[in-house]
Amino acid sequence: MRLPEKISALLKRRSTLVLLLVPLIAVGFALQAFGTPLILNIYTYFCVNLMIVLALQMFMGNSGILAWTHVAWVGIGAYASGILSMAPMVKSLGVPNMYPQLVELQLPVLPAILLGGVVAAIVAGAIGWPLMRLSNAVGVITLFATLIVVHVVMTQWDNVTNGPRTFFGLQEFTRLPQALVGAILVILLAHWYRESSLGLRLRASRDDRFAAMAIGVSVVQVRYVAFVLSALIAGISGGVWAHFITSFSPKAFYITETFLLLTMLVIGGQGSISGAFTGTAIVTVAREILRQVESGMNNSGMFSFEVYGLTELVMAVLMVIVLIWRPNGIIGGQEITWPLLKRKNRPDDGAGTDVVEPA
Amino acid sequence: MLKVQDLYASYGAITALHGVSLEIAEGEIVALLGVNGAGKSTTLKSITGVLRPVKGSITFLGEEIANRSPESTVKKGISLVPEGRDIFGSLTVEENLRLGAYANYERARYKTDLEEMFQLFPILKERFHQAGGLLSGGEQQMLAIARALMSRPKLLMLDEPSLGLSPAMTDQIFDLISGLHQRGTTILLVEQNAERALEIVDRAYLLATGSLEFSGTPDELKRKVDIASVYLGGDDNDHCEVHL
Amino acid sequence: MIDLEFIINTVSLGSLYALLSLGLVFVYGILKLVNFAYGEYIMVAGYAMHVIGQNRGIPWYVTMAVAVLFAAVVSYGTELVAFRPVRTKSLTAMLVTSFAVSVFLQNVVLITISPRARAVPLPAFFSQTLTLGTATIPVRNLVIIGTTIVLLIGLTFVMKRTVLGIAMRAAADKFTTTRLMGVPANLVISATFIISGLLAGVVAIFWVGRSASVDPLIGAAPLLIAFIATVMGGMHSQIGAVIGGFVYGLLFNILSIMLPATMISYRDAFMFVIVILFLLFRPEGIWRGGYTEERVG
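Residues numbered from 1 in each chain as written. Chains lettered and ligands numbered in written order. Predicted model: local features only at pLDDT ≥ 70, side-chain atom pairs only at ≥ 80, totals over all residues. Heavy atoms only, no water.

Asks: Even after reading the chapter, I still don't get the side chain of Glu71(B), so can you show me in this structure?
Replies: Relative to the helices and strands, Glu71(B) resides in helix α2 (residues 70-76). For Glu71(B), the residues in contact, after removing those within four places along its chain, are Arg179(C), Gly182(C), Val183(C), Pro184(C) and Ala185(C). (Helix = DSSP H or I, 4+ residues; strand = E, 2+ residues; numbered from the N terminus. Contact = heavy atoms within 4.5 Å.)

This is the structure:
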């Protein structure tokens with residue numbers, strides 16, 4: 001085969017990646033050249049969110065388990081990378097009660113971010129195995145309880161997180177190029193994982209746990225691997241996010257944020273990378289518009305009170321509408337492929353099976 | 001009474017029925033036979049409305065009932081004794097029967113219907129206040145049939161009533177089914193025990209991989225189709241117990 | 001330390017938690033849905049009391065009755081609008097829907113009333129105490145125990161003696177078969193949501209009664225307690241939920257006494273850790289019930 005043919009074959013085989021990466025990179029370059037600071041900022045934020053949501057997709061989309069803990073890993077990554085990257089002076093100023101051993105630590109930002117991910121993965125690895133054994137309601141509630149435990153620790157552990165107060169003073173490392181590279185790498189990783197043997201076995205366990213067990217899939221094991229891997233990427237993304245936003249408090253890693261991440265994942269379709277990508281894009285844009293509307297309403301003086309919570313309200317409605325209209329998300333459980341309209345003729349393999357029921 | 005025409009049904013992408021047609025006249029007892037996966041249960045599910053057919057029509061007493069909900073078909077007079085009996089294990093026998101009467105409940109005749117069930121199944125009177133889950137397999141089957149009868153069905157459908165029962169209990173259940181038929185109940189019987197079923201039915205349909213293979217009287221069926229070979233590829237026993 | 005006061009307060013707390021868990025398990029039993037919006041039914045009942053209470057002329061019992069009914073109506077409304085259309089879809093879709101409903105209700109209140117806490121008027125006996133020997137017991141705690149006894153007897157009657165109750169128990173056991181009996185799926189599901197809402201409304205009276213105020217996030221804490229108590233007691237039966245509620249109340253009061261003051265802020269975390277550890281050894285909870293995992297469809 002000649003080289004051009006090889007390339008075109010490769011493009012066909014990897015058309016999903018091409019369809020996602022080309023616009024992502026192209027828009028990134030265009031904005032870098034012509035964008036206003038505000039737009040650059042929004043796009044950077046979008047890329048960082050993309051990392052976090054794809055990490056969520058790796059576990060939740062492939063396993064079908066509602067991953068309440070995800071935002072906790074993001075938080076652990078954010079705090080850990082911040083503690084590792086900040087200068088001792090800044091730390092002792094920002095977090096007066098910090099353990100002296102922690103104050104002295106300092107690494108360059110990039111290794112700090114990666115290590116932050118490792119810390120999150122270690123925590124997830126330490127507690128994950130028993131959690132992955134639980135299924136259905138008990139599993140959902142236990143993961144939820146785990147998020148709350150992590151949150152309580154974050155708000156109470158003064159010597160590490162500055163308690164409920166703001167943790168500030170991080171370097172502004174993440175700009176568009178860094179975030180773009182991060183997003184590209186995570187897309188590649190999530191795509192590889194989804195198509196890998198591990199990912200396939202996990203998806204099999206999602207569609208039918210008992211059938212998967214019957215063909216020799218160790219359900220707990222494949223879930224566990226995904227859980228830890230997802231935590232690693234979430235932790236790294238948390239570090240990237242932390243060095244973009246530069247100051248935060250434990251509130252950023254709790255239920256409101258979880259809801260936002262879930263809307264991003266679910267609206268597009270949790271079963272596929274394309275779905276997670278599309279959902280993140282839609283929600284990012286919708287949120288910016290809603291924010292403008294909200295502040296416009298408040299500034300106009302039309303209302304005697306502060307309009308607050310409109311964004312979440314609309315997001316909640318949007319999410320329910322999408323779930324009713326397309327329970328597997330706008331894109332669904334299959335990746336988009338080239339040519340766009342010729343989707344493979346097989347049942348939508350998004351999470352969960354539709355039960356046939358008469359009206 | 002019941003007329004199924006060109007019925008297609010599927011589970012997701014897998015089509016389970018490819019154009020099945022069958023008919024049952026009032027007072028008839030008809031068997032629906034076929035190996036595992038032939039589409040017997042799917043046919044019953046489509047008739048009861050548990051499964052929405054892709055295509056085709058189901059008329060009952062002249063009324064289209066395809067796409068109706070399960071709760072409305074039972075009100076119309078079609079009652080199903082589900083495969084595996086499916087009695088409510090945590091409910092007492094009394095409560096199981098009360099729910100059976102739910103669809104067409106009339107206070108005045110409820111007591112007499114109950115008495116009738118006690119006559120048909122004396123064991124249920126003894127076990128009246130026990131949890132259904134504590135009954136033996138045969139007793140559960142009787143409860144399932146009694147529960148279905150409590151709605152005073154015009155058409156009674158039984159999905160493999162002898163499944164998992166001892167030979168003696170199987171005999172008892174079959175005697176009972178033909179007794180019910182003699183009392184005038186129209187019956188559609190899905191059975192794994194083809195030989196036994198053919199002894200008591202007027203007509204039979206044979207399903208294979210989602211379409212009708214044969215229909216006719218038991219004699220015709222026995223003449224034209226080697227039943228043993230259809231099921232198992234041959235069984236020389238006199239009483240061919242076939243398994244699905 | 002274990003004196004009459006401790007016992008009555010623990011039984012009272014346990015009663016409240018038992019009602020709370022029961023409301024959650026009712027819906028779970030049939031839909032297999034862990035309803036994240038459950039806490040919001042409590043919140044809306046609290047706001048109903050706040051709004052009606054503005055008018056001083058309305059007697060407290062009317063206010064409370066309307067609040068309880070309002071919670072039931074909202075619960076039914078969420079079932080109708082949000083849960084019914086996604087009922088036959090995947091479990092995750094339903095869970096996420098309940099989360100969205102929760103966020104929606106919170107933000108409706110946030111926008112239309114206020115993000116800040118609002119006062120709720122309460123009858124005088126809510127803050128009175130009773131002296132029994134050396135023990136000082138809040139009247140409210142006795143009322144909680146009495147209300148719980150009445151409600152548990154009433155619910156037992158409904159579930160055991162009425163056709164709707166029998167149908168609800170049957171549906172929790174085998175949903176499709178129940179429909180084959182002619183019981184409309186929507187009737188059973190709506191009924192469970194209404195009962196769930198009624199229980200949330202009753203809980204709201206006592207929950208709000210502690211602080212005499214209500215805020216948009218007031219539902220979060222009771223929701224958590226209901227979660228933990230139900231998984232601990234057993235998700236698969238109403239008896240399990242009641243047991244879980246009482247055990248949780250006991251555990252909570254014991255921890256409150258035993259933990260040193262510096263650790264009290266970690267109390268919730270401790271509770272959850274205990275429960276998670278417990279579940280590792282007994283995932284089905286204290287009480288093994290008869291409900292199956294069959295989903296609605």
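Asks: Got a minute to help me understand the interface of chain C and chain A in this structure?
Replies: Accessible area lost upon the coming together of the parts serves often as the stated size of an interface. Listed by partner, the interface residues are 45 residues for chain C and 47 residues for chain A. Our enumeration of links across chain C and chain A arrives at 0 salt bridges. In this assembly, chain C and chain A are joined by 1 residue pair in polar contact (both at pLDDT 80 or more). Only α3 (60-86), α4 (91-112), α9 (220-233) and α11 (267-281) of chain C provide two or more residues apiece to the side of chain C that touches chain A. Residues that form the side of chain C that touches chain A fall into these classes: 33 nonpolar, 8 polar and 4 charged. (Salt bridge = Lys/Arg side-chain N within 4 Å of Asp/Glu carboxyl O. Polar contact = N/O pair within 3.5 Å; in protein donor to acceptor, adjacent residues only side chain to side chain. Nonpolar A, V, L, I, M, F, W, Y, C, P; charged D, E, K, R; others polar.)

Asks: Is there a simple way to explain the domain arrangement of chain A in this structure?
Replies: Residues and elements named next belong to chain A. We note that the domain assignment places domain 1 (32-253) and domain 2 (254-342) within chain A. Put simply, the middle of domain 1 and the middle of domain 2, counted by C-alpha atoms, are 21 Å apart. Taken together, the contacts link 29 residues of domain 1 with 23 residues of domain 2. Interface of domain 1 and domain 2: buried area, both sides summed, is about 2,300 Å²; carbon and sulfur atoms make up 75% of it. Three residues stand out in domain 1 for area buried against domain 2, namely Phe-46, Val-53 and Arg-194, and they jointly supply 22% of the buried area on that side. Across the contact surface, domain 1 and domain 2 share 1 salt bridge. (Domains from an automatic or database assignment. Buried area = accessible area lost by both parts, 1.4 Å probe.)

Asks: Is there a simple way to think about the sheet that holds strand β5 (residues 63-64) of chain B in this case?
Replies: Hydrogen bonding along the main chain pairs the strands of a sheet, whether they run parallel or antiparallel. Residues and elements named next belong to chain B. With antiparallel pairing, 4 strands are arranged side by side in an open sheet as β2-β1-β4-β5. Of all strands in the sheet, those with a lone pairing partner are β2 (14-24) and β5, marking the two edges. When strand β1 (residues 2-11) meets β2, the two strands line up antiparallel, connected through 8 bridges. For Val-4, the partnering residue across the bridge sits in β2 and is Leu-22. Against the sheet, helix α1 (residues 40-48) touches β1, β2 and β4 (55-60), its axis set at about 110 degrees to β1. (Pairing = 2+ DSSP bridges. Axes fitted to C-alpha atoms, helices over the stretch in contact; angles between N-to-C directions.)

Asks: Would you mind showing me how to read helix α2 (residues 15-34) of chain A here?
Replies: Given 3.6 residues per turn, any residue in an α-helix points the same way as the ones three and four places further on. In this model, α2(A) (20 residues) spans 28 Å end to end at C-alpha, consistent with the 28 Å of a helix rising 1.5 Å per residue. Every buried residue of α2(A) is listed here: Ser15(A), Thr16(A), Leu17(A), Leu20(A), Leu21(A), Leu24(A), Gly28(A) and Leu31(A). (Expected span 1.5 Å × (residues − 1). Buried < 20%, exposed > 50% of the residue type's maximum accessible area, 1.4 Å probe, protein only.)

Asks: In this structure, what is going on with the domain arrangement of chain B? I would like to understand it.
Replies: Residues and elements named next belong to chain B. You can read the domains of chain B as domain 1 (1-77 + 153-244) and domain 2 (86-150). In this structure, domain 1 and domain 2 have C-alpha centres spaced 24 Å apart. Facing the 13 residues of domain 1 at the interface are 12 residues of domain 2. Here domain 1 meets domain 2 over a buried area of about 1,200 Å², counting both sides, of which 73% is carbon and sulfur. It is Lys-75, Leu-176 and Arg-183 that lose the most area in domain 1 upon contact with domain 2, and together they represent 34% of the buried surface on that side. Run the count over domain 1 and domain 2 and you get 1 salt bridge. When the shortest N-O distance is used, the salt bridge between Arg-183 and Glu-116 registers 2.7 Å.

Asks: Sorry, what's going on with the packing of helix α14 (residues 255-268) of chain A against α4(C) here?
Replies: Relative placement of two packed helices is described by the angle separating their axes and the distance separating the axes. One can describe the packing of α14(A) onto α4(C) by two numbers: an axis separation of 11 Å at closest approach and a directional angle of 130 degrees. Of the possible angle classes, the one that applies to α14(A) and α4(C) is oblique. The handedness of the crossing between α14(A) and α4(C) is left-handed. Each of Ile255(A), Thr258(A), Phe259(A), Leu262(A) and Val266(A) in α14(A) lies in contact with α4(C), whose residues at this interface are Val96(C), Phe99(C), Ala100(C) and Val103(C). (Parallel < 35°, antiparallel > 145°, perpendicular 65-115°, else oblique. Left-handed = near helix turned anticlockwise from the far one by under 90°.)

Asks: Could you clarify how one ought to interpret the pattern of salt bridges in this entry?
Replies: Between side chains of opposite charge, a pair can form when the charged atoms approach closely. By the definition in use, this model includes 20 salt bridges over all chains. Between Arg194(A) and Glu195(A) there is a salt bridge, and its shortest N-O distance comes to 3.1 Å. Of the charged contacts, one joins Arg206(A) and Asp207(A) as a salt bridge, the two residues approaching to 3.0 Å between their closest N and O atoms. Among the residues examined, Asp207(A) registers a relative accessible area of 39% and is labelled partly exposed. One connected set of salt bridges, linked through shared partners, spans Glu106(B), Arg109(B), Asp113(B) and Arg152(B).

Asks: Just checking my understanding: could you explain unusual backbone geometry for this structure?
Replies: Comment: phi is negative for the bulk of residues other than glycine, and the bulk of peptide bonds are trans. Residue and element names in this part refer to chain B. Positive phi values are uncommon outside glycine, yet Leu-61 reaches one of about 55 degrees. Of note, Leu-61 is situated in the loop between β4 and β5. Among the residues examined, Leu-61 registers a relative accessible area of 44% and is labelled partly exposed. The phi dihedral of Asp-86 falls on the positive side, at around 50 degrees, and the residue is not glycine. By secondary structure assignment, the location of Asp-86 is in the loop between β6 (78-81) and α3 (93-100).

Asks: Explain the confidence of the model for chain A here, please?
Replies: Interpretation of this model should avoid reading the predicted coordinates in detail wherever pLDDT is low. All names here are of chain A. Of the residues in chain A, 92% reach a pLDDT of 70 or more, and the chain-wide mean stands at 86. Within chain A, the element-level pLDDT minimum falls on helix α1 (residues 3-13), averaging 77, and the maximum on helix α4 (residues 70-85), averaging 95. In this model residues 342-359 is a low-confidence stretch, pLDDT under 50, and it forms 49 contacts with partners more than four residues away in sequence or in other chains. (pLDDT = per-residue confidence, 0-100.)

Asks: Sorry if this is basic, but what is going on with the pairing of strand β2 (residues 129-132) of chain C here?
Replies: One face of the sheet, then the other: side chains in a regular strand alternate in exactly this way. Residues and elements named next belong to chain C. Two elements, β2 and strand β3 (residues 135-138), share 4 bridges in a ladder whose sense is antiparallel. Considered in β3, the bridge of Leu-130 is made with Ile-137. Hairpin connection between β2 and β3: a loop of 2 residues separates the two successive antiparallel strands, and Gly-133 in this loop has a positive phi of roughly 65 degrees.

Asks: Any chance you could explain the sheet that holds strand β8 (residues 186-190) of chain B here in plain terms?
Replies: Residue and element names in this part refer to chain B. The 6 strands are arranged β6-β7-β8-β3-β9-β10 in an open sheet whose pairing can be described as mixed. The strands lining the two open edges of the sheet, one partner per strand, are β6 and β10 (211-216). Here the average twist between neighbouring strands, direction ignored, is 20 degrees. Sheet topology note: the strand β3 (residues 29-34)/β8 ladder contains 4 bridges and is parallel. When the sheet's bridge partners are listed, Leu-32 is paired in β8 with Val-190.

Asks: What exactly am I supposed to notice about the pairing of β6(B) here?
Replies: All names here are of chain B. Neither face of β6 is open: one carries Ile-78 and Leu-80, the other Ser-79 and Val-81, and all of them are buried. Relative to strand β7 (residues 155-159), β6 runs parallel, the two being bridged by 4 bridges. The partner of Leu-80 across the bridge, within β7, is Met-157.

Asks: Please clarify how the nonpolar core should be interpreted in this entry.
Replies: Side chains of a nonpolar character, in soluble globular proteins, are inclined to be buried together. Core analysis: the biggest nonpolar cluster contains 209 residues, and Leu24(A), Phe253(A) and Tyr248(C) have the highest contact counts within it. Judged by nonpolar contacts, the second largest core, of 46 residues, contains Ile87(B), Leu135(B), Ile145(B) and Ala148(B). (Core = buried A, V, L, I, M, F, W, Y, C linked by side-chain atoms within 4.5 Å.)

Asks: I would appreciate a short explanation of α11(C) in the present structure.
Replies: Relative to the 21 Å expected for 15 residues at 1.5 Å per residue, α11(C) spans 22 Å between its end C-alpha atoms, a close match to the ideal helical length. Among all positions of α11(C), only Ala269(C), Met271(C), Phe272(C), Val275(C), Ile276(C), Leu279(C) and Leu280(C) are buried. On the buried face of α11(C), the contacting elements are α7 (109-133) and α8 (136-156) of chain A together with α9 and α10 (238-258) of chain C.

Asks: Where do I start with the environment of Thr134(C) in this structure?
Replies: Residue placement: Thr134(C) occurs in the loop between β2 and β3. Separated by 130 residues in sequence, Thr134(C) and Leu4(C) place their C-alpha atoms 8.7 Å apart.

Asks: Any chance you could explain the environment of Glu284(C) here in plain terms?
Replies: Tracing the backbone shows Glu284(C) in the segment after α11. Sequence spacing of Glu284(C) and Gly240(C) is 44 residues, and the spatial spacing of their C-alpha atoms is 9.9 Å.

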